[in-house]
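# Overview (structure and organization)
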Amino acid sequence: MSTNKDRNKIVLLLGLAGFIVMADNWVVSPILPAISQNLDIDISSAGLLISAYMIPFGIFQIIFGPLADRYGKKQVITSAMILFTVATGLCALGTSLTSLSIFRALTGVFAASVMPISLALIGDMFPIKERQGAIGTFMGISFLGQGLSMAIGGTIAYFLNWRGVFGVYAILAVIPTLLLIKNYKLLPSEKHPDSKLFAPYAKLLGTSRSLYTYIIVLLEGLLIIGSFSYAGVYIAKTYGFNYLYIGLIMTAFGIMSVIGGRMSGKLAAKIGARKVLSLGLASAAVADLIIYQYGNVLGMLILGIALLGLGFIFTHSTLLTRATEFAQKARGSAMSLVAFFFMGGGGVGTAIGGRVISGVGLSNLFLINGIALIITLFLSFVMIRDHVVEPNEAKESIGNL
């Protein structure tokens, strides 16, 4: 049985892996022009590199969970992190759009393992009363990587080149990979060799308690990540800042995710998970409305981005903690569905956001998303009527998974 110190160390270690993966998620965007010029391809063709990563990243979210349930979470995530590190390094060696796309696709495949398996491991290690705080810490550290990704990528590319970005990321990925190997014995080693690979998904989606939770997760990804995706564009258009300054401003999202993650568990214990969920959705809605109305005032813009980060972590950590209760023996599958709907929602929200911007303008996107988040807040009361998070683990299993 691991001690509190050991468990907290594992959360930080998993958070570091999540930091690298989430930073890698967004790293191509600021260096796309440099890749386009160096490989002598047009920018629209270079944009395929983002799709080459995101499509396998999304699909494999729902494959790694069942694999981890059957063969062991620590075995799968350690192997995947080793291959993620190698694939990231190979990206620095890409000599054409085809080879670079293949390497980015491989990176996306193995990166997909980190979020669902880490969250399932945390669910295994922490009792329900401590779980939201641990999940909040993990998610906060991970999304700090996303918040810093453009600044990190832009800075490395400025001083080195686009290949140097992937090289540095590969070196950074070695750190959590080696730490995972070093602390391998501290990780839970449960295996369920008789578990079905995809049957748990039908059970989870066929049960209203879990299905409605996944719908709220989908809306959260669609609206919060859909807003965050265009925050950098908004800053560039409004202020004309370069990628370094844009990345530094957007770090407010990541910093508040870390702070909010540390707060969420204690806050849930004090005022209840329902209020934390409502506070998260309300904060995200207010953030979007602030950016819409006062985004041309730098201080208010930073406040809006910070509130978006706080709203995200309060909302997501609460929904994630709820999802860890759904299926103890198929927790990897339950968390894979969360990651799939959240990331899928973010992808759809980003795509819809592009259409909205073309139709009604950039600032109106934040107004529309803000109003939609208020509607989602009210919808959450309709769809999640029971305890958002059970005070004990008596109801932790949905059927015989």
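The present account deals with the structure reproduced in this document. Note that the coordinates shown come from a computational prediction; the quantities given were computed from them, not determined experimentally. Counting restarts for each chain, with residues numbered from 1 along the sequence as it is written. Local features in this predicted model are restricted to residues whose pLDDT is 70 or higher, and side-chain atom pairs enter the listing and the counts only when it is 80 or higher, whereas totals over whole chains, interfaces and linings include all residues. Just so you know, side-chain values use all the structure's heavy atoms and leave hydrogens and water out.

## So, the overall build of the protein
Put simply, the test is: Helix and strand definitions follow DSSP, with helices as H or I runs of at least four residues and strands as E runs of at least two, each counted in order from the N terminus. The reference for a compact globule is 2.2 Å times residues^0.38; the radius of gyration itself is calculated from the C-alpha atoms. Categorising residues by exposure relies on relative accessible area from a 1.4 Å probe, with only protein chains included: less than 20% of the type maximum marks a residue as buried, more than 50% marks it as exposed, and the intermediate range marks it as partly exposed.
Of the regular secondary structure elements, the protein holds 17 helices and 0 strands. Since a compact globule built from 401 residues should have a radius of gyration of about 21 Å, the 20 Å found for the protein is in line with a globular shape. In terms of principal-axis extent, the alpha carbons of the protein reach across some 55 × 45 × 35 Å. Looking at the protein as a whole, 57% of its 401 residues are labelled buried.

## What about unusual backbone geometry?
With a phi close to 60°, Asp-40 is a non-glycine residue in the positive phi region. Along the chain, the position of Asp-40 falls in the loop between helix 2 (28–38) and helix 3 (43–46).

## As for the packing of helix 12 (residues 231–239) against helix 15 (residues 298–323)
The test is simple: Each axis is a line fitted through C-alpha atoms, taken for helices only over the stretch in contact, and angles between the N-to-C directions span 0 to 180 degrees. Should an angle fall under 35 degrees it is called roughly parallel, over 145 degrees roughly antiparallel, and 65 to 115 degrees roughly perpendicular, with every other angle called oblique. What makes two residues a contact is simply this: any of their non-hydrogen atoms within 4.5 Å. Note on residue categories: nonpolar means Ala, Val, Leu, Ile, Met, Phe, Trp, Tyr, Cys or Pro, charged means Asp, Glu, Lys or Arg, and polar means any other residue, Gly included.
At a minimum axis separation of 12 Å, helix 12 and helix 15 run at an interaxial angle of 175°. One way to sum up the angle between helix 12 and helix 15 is to call them roughly antiparallel. Across the interface between the two elements, Tyr-234, Ile-235 and Tyr-239 of helix 12 pack against Leu-298, Leu-301 and Ile-305 of helix 15. Considered class by class, the residues forming the contact of helix 12 with helix 15 number 6 nonpolar, no polar and no charged.

## Topic: the nonpolar core
Cut-off, in case you're wondering: Among buried residues, the Ala, Val, Leu, Ile, Met, Phe, Trp, Tyr and Cys ones that are joined through side-chain atoms within 4.5 Å form a nonpolar core.
Judged by nonpolar contacts, the single largest core of 102 residues is most densely connected at Ile-122 and Met-139. Tallying contributions element by element places helix 15 first for this core, with 12 residues. Look past the residues within four positions of Ile-122 in its chain and what remains in contact with it is Val-11, Leu-14, Arg-131, Ala-134, Ile-135 and Phe-138.

## Quick look at the pattern of salt bridges
Any two side chains of opposite charge can pair, on the condition that their charged atoms come close. Quick note on the threshold: Think of a salt bridge as a Lys or Arg side-chain nitrogen and an Asp or Glu carboxyl oxygen that are within 4 Å of each other.
Under the definition given, this model contains 5 salt bridges. In this structure, Lys-73 engages Asp-124 in a salt bridge whose closest nitrogen and oxygen atoms are separated by 2.9 Å. Of this pair, Lys-73 sits in helix 5 (residues 73–91) while Asp-124 sits in helix 7 (residues 114–125), and the two are 51 residues apart along the sequence. Between Arg-209 and Glu-325 there is a salt bridge, and its shortest N-O distance comes to 3.1 Å.

## Quick look at helix 6 (residues 97–111)
Selection criterion: Here the expected length of a helix is defined as 1.5 Å per residue gap, with one fewer gap than residues.
Between its terminal C-alpha atoms helix 6 stretches 20 Å, which fits the 21 Å expected from 15 residues at 1.5 Å a residue. Residues of helix 6 that are buried include every one of Ser-99, Leu-100, Ser-101, Phe-103, Arg-104, Thr-107, Gly-108, Val-109, Phe-110 and Ala-111, and no others.

## Quick word on a nonpolar patch on the surface
Applicable threshold: Patch membership is restricted to residues that have no salt bridge and whose relative accessible area is over 30%. Joining uses 9 Å for like charges and 5 Å for the nonpolar side chains Val, Leu, Ile, Met, Phe, Trp and Tyr. Per-residue and other accessible areas follow the Shrake-Rupley method at a 1.4 Å probe size, with only the shown protein chains counted as cover for residues.
Residues Ile-82, Val-86, Val-174, Leu-178 and Ile-181 make up a contiguous nonpolar surface patch of about 410 Å² in total accessible area. Elements that contribute at least two residues to the nonpolar patch include exactly helix 5 and helix 9 (162–182). Considering every element that reaches the nonpolar patch, the biggest residue donor is helix 9, with 3 residues. Tracing the chain through its elements places Val-86 in helix 5. On the basis of relative accessible area, Val-86 is assigned to the partly exposed category, the value being 48%.

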